[in-house]
Amino acid sequence: MKRNARYLALLGVLVLVIAACGDGADDGTTTTAEAEGTTTTAEAEAEETATTAEAEATTTTEAPPSVEAITACQVTDTGGIDDKSFNQTAWKGVTDAIDAGLATADSDFLESQSATDYQPNIQAFLDKGCDLIITVGFLLGADTETMANANPDQHFQIIDFAYEPGVADSVQGAVFGTTDAAFLAGYLAAGVTETGIVATYGGIQIPCAVTCFMDGFVYGVRYYNEVNGTDVQTLGWNPEDETGVFTGDFEDLAKGRAVTQSFVDEGADVILPVAGPVGEGSAALALELGDVWVIGVDADWFETLPQYEAQILSSVLKGLDVAVFTAIREVAEGTFEGGTRLYAIAEDGVGLGAINDDVPQPLQDEVAALLESLKEGSIVPGDQALS
Amino acid sequence: MSDEGTEAKENKEPKEPRWVERVAPKNVDWSSLAVIPFLAVFSALVVGAVFIIFTEGLGSVLPAYGALLRGAFGGWNSISETLLVATPLIFAGLAVALGFQAGLFNIGAEGQMTIGGLTAVIVGISFEGLPAVIHLPLALAAGFVGGALWGFIPGVLRAKTGAHEVITTIMLNFIAFRILDYILKQPFTQAEGRFDPISKDVLESARLPRILTWLPVEGVEMLRLNLGFILALAVAWIVYWILFKSTIGFEFRAVGANPDAAKYGGMAVTSAIILVMVLAGGLAGLGGSNETLGVLGRAFPGFTAQIGFDAIALALLGRSHPGGVVLSAILFGALRVGGRAMQVETDVGIDLIIIIQALIIVFVAAPELVRAIYRIKGGEEARQLTRGWST
């Protein structure tokens, strides 16, 4: 026992010594070589993809023949960068931009562990000299405003926050037409439920960023009832008096599981969690129970949470990656502007992800037709009769 | 009642009962007080280095730890942020440490912070026009009282019914979170134009003023360190004085060492337990107020950010001594703030900081392991921090 401990200590010291030596030797050669390597590949990639970037850019303006890659930096909320939905989808926008040669490999993210971290995290990126700072989430609204006012020449993009005109005008606020996308999910849910009860819950009651999903879901169910003469009930949210079920944060998976269990106890068999990573708790329970569907949010859960694919009905996609990618491209091209930007269903800013193969084809076709009607505007969520 | 307690301490016979020696040691045991925590931190950093080597390679260790150190102390802004993060940890750490000294495991610091922070906000958003010299102390007092109330409940339950404080404080945490959600949605407290639970902004007269704005350096408006830090140091000194210089503090520690002997010695064990929990709750409440009246300026769900749980770890690391708590809190603050720089400058993620913190606790909680690794002699038997369910 004593001997073992001694070896352990020796190992520890050895590790330190090696670490110290290794670093000194490396510094001169490898790191510079690495740095050179990355710049050259980045350049090559930039040239290679310049044409594709141009092709993609046609929706807004003609891209200049070549753009210089920018440094894009993302500050997450407390959900963390690998939350399988919100922050992760936004970060995908940055990595897509890196792949497209619009952002440098130097682009980075900082995870906030508490609300007190938001401001210093933004400051850290200001110090780093980032060209664009992306703050992900409504909860960063106040701190982003403060920092934007203190640094009027810095490009900021905030997700899910629309400032009043005259407040933080230099910030581009990206908002999403998630009501439309969740409407499709509500219709689909009402179509597959066997108990006639579906449910939704949120993380924190944030107007629109969270509640628009829940609004759309309820409206979708009502539309299904209207068209098919059914009486599917929705638990967890009432759009009229804005009350519903919320777990209280975007972190605790156990709460998502507990809420889902109580919904199932009340007979619900389709659940839409609008709570970032908390929704994974619902997916885990659904997989154990077997006869409960879960609808993903933000990202396509068939891709981010494939281990639950048997119980994933579909996903309400929120084009966070599209919004972030677009902002990076605009900064690179020099066309970036502050103000609120809506990503709507008509231009695929939001949508419905892949649908589980077990869903009957006729229902899938109905949903596809409904998507077209929403894009045309012939159906407007919220117009449906109360049920 | 308390006189007898001090007498027992002062009229020292050669053959003192063991528990008196333990409560009022004549020789400070430096090996357990300072050496072990230091070596625990050192060991945790070494093992953390192994994690860096496996994830990022050998060459990343020194740049990462260099960035950690620079980020935590390399400049006024870094120092300001480190101490800012340390401040609520000091308050909450004292709340847990005080409990440990009396043999009580206060896991409820998080809930006590929540209630204290909330009551401070309620006072802070009311009384418009009150001068700051009255408003700020009033808001802080409200925070203390709110937290104290949340400590009083488990204290009474423990003292009168024997309900274990571990269970009751955990449960009261959950109740505190839900009370926060509820109160923040009332029209009186909820910020105008918001539907989510978030309070109005605390009035300027109840905000903790920043204390580094006089420095002649650039970017001075970014230095967020506020009066709360000074307050925390003062409170730490007061707790030290109560614990080690006052009669009541001797009672607390006597109850912690052996409640039966303390009772036999004529001490009022019941009221000591309640008083400890009230004070601990009040300290945590001040920690919550420090957040809502200081850096945040408002209350919202989760504003306590797990500080009340981190406090348990740093009370252990600080050996339940107020001085140790202050140093541990600054260390944890440095890890948090330095971790940010580490994340920006290198590819080492902030999760490493959590791993290091956890490792520190593992090493602190197992002093014999540290003694064995570094071949340190001596040391009494492991100190029992709390009592079991049955006592």
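Calculation rules
- Here the residue index of a chain counts from 1 through its sequence in written order.
- Chains carry letters from A onward and ligands carry numbers from 1 onward, assigned in written order.
- It should be noted that, the model being predicted, local features are given only for residues of pLDDT at least 70 and side-chain atom pairs only at 80 or more, the latter also being counted only at that level, while totals for whole chains, interfaces and linings use all residues.
- Only hydrogens and water are set aside; all other atoms, that is, all heavy atoms of the structure, feed into the side-chain values.
- Starting at the N terminus, helices and strands are each numbered in turn, a helix being any DSSP run of H or I of at least four residues and a strand any DSSP run of E of at least two.
- Exposure was quantified through the Shrake-Rupley algorithm and a 1.4 Å probe, taking into account, for residues, occlusion by the shown protein chains and nothing else.
- Just to be clear on terms, a salt bridge is a Lys or Arg side-chain nitrogen sitting within 4 Å of an Asp or Glu carboxyl oxygen.
- Relative accessibility under 20% of the residue-type maximum defines a buried residue, over 50% an exposed one, and the middle range a partly exposed one, all with a 1.4 Å probe and only protein chains included.
- The disulfide definition used here is simple: a pair of cysteine sulfur atoms within 2.5 Å.
- Two rings belonging to Phe, Tyr or Trp (six-membered ring only in the last case) form a pair when the distance between their centres is within 6.5 Å. Interplanar angles under 30 degrees mark stacking, angles over 60 mark edge-to-face geometry, and anything in between is tilted.
- Distance and angle both matter: a charge sits over a ring if NZ of Lys or CZ of Arg is within 6 Å of the ring centre and within 35 degrees of the ring normal.

### Details of the overall build of chain B
For chain B, the helix and strand inventory stands at 16 helices and zero strands. Working note: accessible area of chain B is about 16700 Å², and carbon and sulfur atoms make up 67% of it.

### Looking at the pattern of salt bridges
Residues and elements named next belong to chain A. This model, assessed by the stated rule, comprises 20 salt bridges over all chains. The shortest N-O distance in the salt bridge between R257 and E288 comes to 2.8 Å. Taken together, the residues R257 in helix α7 (residues 253-265) and E288 in helix α8 (residues 279-289) connect sequence positions 31 residues apart. The closest approach of N and O atoms between R341 and E330, which form a salt bridge, is 3.0 Å. Within this pair, whereas R341 is found in strand β13 (residues 339-343), its partner E330 is found in helix α10 (residues 320-333), the two being separated by eleven residues in sequence. Residue classification places R341 among the partly exposed positions, given a relative accessible area of 26%. Judged by relative accessible area, E330 falls into the buried class, the value being 5%. Overlapping salt bridges bring together K92, D96 and D321 as one network.

### Some thoughts on the state of the cysteines
All names here are of chain A. Under the counting rule described, the total for this entry stands at two disulfides over all chains. With its sulfur 2.0 Å from that of its partner, C73 forms a disulfide with C130. Sign of the S-S torsion, about -80° for the bond between C73 and C130, identifies this disulfide as left-handed. In this pair, C73 sits in strand β1 (residues 72-75) while C130 sits in the loop between α3 (118-128) and β3 (132-136), placing the two residues 57 residues apart along the sequence. When its relative accessible area of 0% is taken as the criterion, C73 is described as buried. Linked covalently through their sulfurs, C208 and C212 form a disulfide whose S-S length is 2.1 Å. Disulfide C208-C212: torsion about the S-S bond near -95°, hence left-handed. In this structure C212 comes out as buried when scored by relative accessible area, which is 11%. Once the disulfide-bonded cysteines of chain A are ranked by sequence position, their pairing pattern turns out to be 1-2, 3-4.

### As for the packing of aromatic side chains
Throughout the structure, instances matching the rule amount to 13 aromatic pairs over all chains. Ring centres of A:Y187 and A:Y223 lie 5.9 Å apart, and the angle between their planes is 40°; on these two criteria the pair is classed as tilted. Of this pair, A:Y187 sits in helix α5 (residues 178-192) while A:Y223 is found in helix α6 (residues 211-228), placing the two residues 36 residues apart along the sequence. Residue classification places A:Y223 among the buried positions, given a relative accessible area of 17%. Taking the centre distance of 5.9 Å and the plane angle of 85° together, the rings of A:W237 and A:F246 count as edge-to-face. Overall, A:W237 belongs to the buried group, its relative accessible area being 6%. In textbook terms, an aromatic cluster arises when at least three aromatic residues are bridged by ring pairs, as seen for A:F183, A:Y187, A:Y223 and A:Y224. In this arrangement the basic side chain of B:K200 is found over the ring face of B:F188, its NZ or CZ atom lying 5.6 Å from the centre.

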